[in-house]
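Close look at the chain arrangement
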Amino acid sequence: MLKRELRLKLRHRANIVAMYVFPFIRKTGIRRKLIATCIEKAKFLEEMEQVYLRVVTTNIAAKNLYLSLGLKSFSQEKRDLKLIHI
């Protein structure tokens, strides 16, 4: 899903969020189509300049897919996700 930033100073960018494909339909091209559709939609949004997408560093398949679609890695957040044991 493509989610545009609402704050005035950030309206030039959007985030691709909540992307998950069940394992039984992977390798059908659906992931590529979903991301490509989000990117195409962003191109038609007024004043849109940037699209952001986060991926866990160990998800090599996703990273390779995003790179093949022309997306570029620009940072890595250390300790972005944390497991909490209760």
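This text goes with the structure placed above it.
These notes cover the structure that comes with them. Everything quoted here is computed from the prediction, not taken from an experiment. (Residues numbered from 1 in each chain as written. Predicted model: local features only at pLDDT ≥ 70, side-chain atom pairs only at ≥ 80, totals over all residues. Heavy atoms only, no water.)

Re the nonpolar core
Core analysis: the largest hydrophobic core is formed by 11 residues, namely Leu2, Ala14, Ile16, Ile35, Cys38, Ile39, Ala42, Met48, Ala62, Leu65 and Tyr66. Those elements that place two or more of their residues in this core are strand E2 (13–16), helix H1 (30–43) and helix H2 (60–68). Top contributing element to this core by residue count: H1, with four residues. (Core = buried A, V, L, I, M, F, W, Y, C linked by side-chain atoms within 4.5 Å. Buried < 20%, exposed > 50% of the residue type's maximum accessible area, 1.4 Å probe, protein only. Helix = DSSP H or I, 4+ residues; strand = E, 2+ residues; numbered from the N terminus.)

Some details on the packing of aromatic side chains
Applying the stated criterion across every chain, the model contains three aromatic pairs. Members of the aromatic cluster, each reached through a chain of ring pairs, are Tyr20, Phe22 and Phe24. (Phe/Tyr/Trp six-rings, centres within 6.5 Å; stacked < 30°, edge-to-face > 60°.)

A short note on the environment of Met1
By the secondary structure assignment, Met1 is in the segment before strand E1 (2–4). Through-space distance from the C-alpha of Met1 to that of Val17 is 5.5 Å; in sequence the pair is 16 residues apart. Each residue touching Met1, except ones within four places of it in the same chain, is listed here: Asn15, Ile16, Val17, Met19 and Cys38. (Contact = heavy atoms within 4.5 Å.)

Examining the pairing of strand E3 (residues 50–53)
In this sheet, E3 lies alongside E2 in parallel orientation, the contact comprising four bridges. Paired with Arg13 across the two strands is Gln50, which belongs to E3. (Pairing = 2+ DSSP bridges.)

Focus on the pattern of salt bridges
Where charged atoms from two side chains of opposite charge come close, those side chains can pair. For the structure shown, the criterion picks out three salt bridges. A salt bridge links Arg13 to Glu5, with the shortest nitrogen-to-oxygen separation between them at 3.9 Å. Its relative accessible area of 14% is what places Glu5 among the buried residues. Residue Lys43 is joined to Glu40 by a salt bridge in which the shortest nitrogen-to-oxygen separation is 2.9 Å. Taken together, the residues span about one helical turn, with Lys43 and Glu40 both in helix H1 at a distance of three residues. Here the residues in one salt-bridge network are Glu5, Arg7 and Arg13, joined through shared partners. (Salt bridge = Lys/Arg side-chain N within 4 Å of Asp/Glu carboxyl O.)

Considering the layout of surface pockets
The volume enclosed by the largest pocket comes to roughly 1300 Å³. For the largest pocket, the lining is made up of 37 residues, of which Leu53, Arg54, Val55, Val56 and Tyr66 are closest to its centre. For the lining of the largest pocket, the secondary-structure elements that each account for two or more residues are E2, H1, E3 and H2. Ranked by residues supplied to the lining of the largest pocket, first place goes to H2 with six residues. For the lining of the largest pocket, a count of residues per class yields 21 nonpolar, seven polar and nine charged. (1 Å grid on protein atoms, 1.4 Å probe; cavity = no way out; pocket = protein on both sides within 12 Å on 5 of 7 lines; lining within 4 Å. Points joined across faces, edges and corners; volume = space filled by probe spheres on them. Nonpolar A, V, L, I, M, F, W, Y, C, P; charged D, E, K, R; others polar.)

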